[in-house]
Amino acid sequence: MSAPSAEPGESDPRASVLKRVFVAGAGIMGSGIAAQCALAGYTVTLEDVTEEIARRGLDSASRALAHAVERKKVSPADREAALGRMEIAIGLRRSDAADIVIEAATEDLAVKRRLFGELEQATRPTALLASNTSSLPITSVGQDLRDPGRLVGLHFFNPVLQMPLIELIPGHRTRPETVARVRTFAESLGKTVVTSADTPGFVTTRALAVLLNEAAWMLYEGVATREDIDTAYKLGFHHPMGPFELADLVGLDTALSILDVLWDGFRDPRYRACPLLRTMVAAKRLGRKSGEGFYAYPVPGPAP
Ligand SMILES: NC(=O)c1ccc[n+]([C@@H]2O[C@H](COP(=O)([O-])OP(=O)(O)OC[C@H]3O[C@@H](n4cnc5c(N)ncnc54)[C@H](O)[C@@H]3O)[C@@H](O)[C@H]2O)c1
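Only a predicted model underlies this, so the values are computations on that prediction, with no experimental measurement involved.

1. Quick look at the overall build of the protein chain
Move 1: Summing up its helical and strand segments, the protein chain has eleven helices and eight strands in all.
Move 2: Taking 304 residues into account, the globule formula puts the C-alpha radius of gyration at 19 Å, and the protein chain, at 19 Å, falls close to it.
Move 3: Each of the three principal axes of the protein chain carries a C-alpha extent, and together these read 55 × 45 × 35 Å.
Move 4: Burial statistics for the protein chain: of 304 residues in total, 48% are counted as buried.

2. Section: the confidence of the model for the protein chain
Move 1: Looking at the protein chain as a whole, its pLDDT mean stands at 94, while 94% of the residues score no less than 70.
Move 2: In this model, residues 1–6 is a region of pLDDT below 50 whose contacts with residues beyond four sequence positions or in other chains number 24 contacts.
Move 3: Low pLDDT, under 50, characterises residues 9–16; the stretch is placed with 15 contacts to residues that sit more than four places away or in other chains.

3. Comments concerning the site of the ligand
Move 1: Neighbouring residues of the ligand: 28 residues in total, closest G25, G27, M29, E107 and N158.
Move 2: When contributions to the shell around the ligand are tallied by element, the ones reaching two or more residues are α1 (28–39), β2 (43–48) and α4 (109–122).
Move 3: Here the element with the most residues in the shell around the ligand is α1; it accounts for three residues.
Move 4: Looking at side-chain class alone, the shell around the ligand contains 13 nonpolar, eleven polar and four charged residues.

4. A look at the sheet that holds strand β1 (residues 20–24)
Move 1: Read from one edge of the open sheet, eight strands run β3-β2-β1-β4-β5-β6-β7-β8, paired in mixed fashion. Of all the strands in the sheet, just β3 (86–90) and β8 (192–195) have a single pairing partner and so form its edges. Neighbour-to-neighbour, the strand axes of this sheet turn through a mean angle of 25 degrees, independent of strand direction.
Move 2: Two strands pair when backbone bridges link them, and strand β5 (residues 128–131) and strand β6 (residues 151–155) are joined in this way by three bridges, in the parallel orientation. The partner of S131 across the bridge, within β6, is G153.

5. Brief notes about the pairing of β2
Two faces belong to every sheet, and in a regular strand the side chains alternate between them.
Move 1: Among the six residues in β2, five count as buried, and that is most of the element.
Move 2: Note: β1 against β2, five bridges, orientation parallel. Of the residues in β2, the one forming a bridge with A24 is E47.
Move 3: Taken together, β1, α1 and β2 form a β-α-β motif whose crossover is right-handed.

6. Notes on unusual backbone geometry
Move 1: Geometrically, the link from N158 to P159 is a cis peptide bond, its omega value of 0 degrees lying close to zero.
Move 2: Structurally, the position occupied by P159 is in the loop between β6 and β7 (165–170).
Move 3: One non-glycine residue, H238, lies in the positive phi region at around 65 degrees.
Move 4: Looking at where H238 falls in the secondary structure, it is placed in the loop between α8 (226–237) and α9 (243–250).
Move 5: The exposure class of H238 is exposed, given the 7 C-beta atoms found within 10 Å.

7. Some points on the domain arrangement of the protein chain
Move 1: Looking at the protein chain, the domain boundaries give domain 1 (13–195) and domain 2 (204–290).
Move 2: For domain 1 and domain 2, the distance between their C-alpha centroids amounts to 26 Å.
Move 3: Taken together, the contact between domain 1 and domain 2 spans eight residues of the former and eleven residues of the latter.
Move 4: Among the residues forming the side of domain 1 that touches domain 2, the class breakdown is two nonpolar, three polar and three charged.

What counts, and where the lines are drawn
- Residues numbered from 1 in each chain as written.
- Predicted model: local features only at pLDDT ≥ 70, side-chain atom pairs only at ≥ 80, totals over all residues.
- Helix = DSSP H or I, 4+ residues; strand = E, 2+ residues; numbered from the N terminus.
- Rg over C-alpha atoms; globule rule 2.2 N^0.38 Å.
- Buried ≥ 20, exposed ≤ 12 C-beta atoms within 10 Å, placed from the backbone.
- pLDDT = per-residue confidence, 0-100.
- Contact = placed C-beta atoms within 7 Å.
- Near = placed C-beta within 6 Å.
- Nonpolar A, V, L, I, M, F, W, Y, C, P; charged D, E, K, R; others polar.
- Pairing = 2+ DSSP bridges.
- Axes fitted to C-alpha atoms, helices over the stretch in contact; angles between N-to-C directions.
- Right-handed = clockwise from strand over helix to strand, strands pointing away.
- Domains from an automatic or database assignment.

Written out as structure tokens, the structure reads:
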């Protein structure tokens, strides 16, 4: 995760035209994306629907950067500089100065369609629009836009500062110039970019959702305990986290929404969500962010 720490456009000519990033949605992903962009030298506005949530997002970004300093991936001076490049906002007004908007709002098609409709009004017509959706087809997300050529999928991974991958998903109407510029932007963050066709779940989420769901079914059927299932995947497959630890990190509401998107998109029983997930979401056991999911977390919030 060695993102360049200079001003974009000065030492990194690849990103020369983009300087200002507006991140819509300050939850687990929005806060990480904001930290990553600020670290790379961009000026970042992190926005959410209330001041409390936006402020919490900024605190998470600050903690993620502190954790990166502890791991000696980022110098204390670069952390300070990154914090100085971030501000919060409520509502979309300040997106009018953005060169690129990254939407990281709740995984819900209606929410994202409405948000992009508003963003199209609030931003300059030349600003790039990117969605961090992990499963929704980009063409559907942008179907009500007057200019869907501006919109592309830009799928970061969690925790953003630690994960080196970004999936780039051109929609059916995305202009090639948008794809090229957003790829350059993603690379300027120090990430490796893979491209996926615009199909539900893209390359990564489609497989991950099945893995998490299958683990939930095994727990539901009493095949093994959650601890033994997590241990089996970690020691048997060399996975860094067990499926329940990972589901808690992702957020159970997000994991369930993804399975429903895959079910809607493919009508294939592979993606039939385990009822246990639905019950846990109804009970607001959402994982780390709510303080309890498959496991309990004394300090609720995204993992550093
Ligand atoms: N959690 C993960 O591991 C992960 C990984 C990759 C991608 N994603 C994707 O990132 C997106 C966000 O997921 P998350 O895990 O950060 O969710 P989250 O629940 O932590 O945060 C979502 C945020 O969006 C905000 N929001 C809702 N409507 C909004 C609006 N109209 N305008 C501005 N903000 C709004 C909510 O208040 C909330 O703070 C989803 O599309 C998800 O699929 C998640």
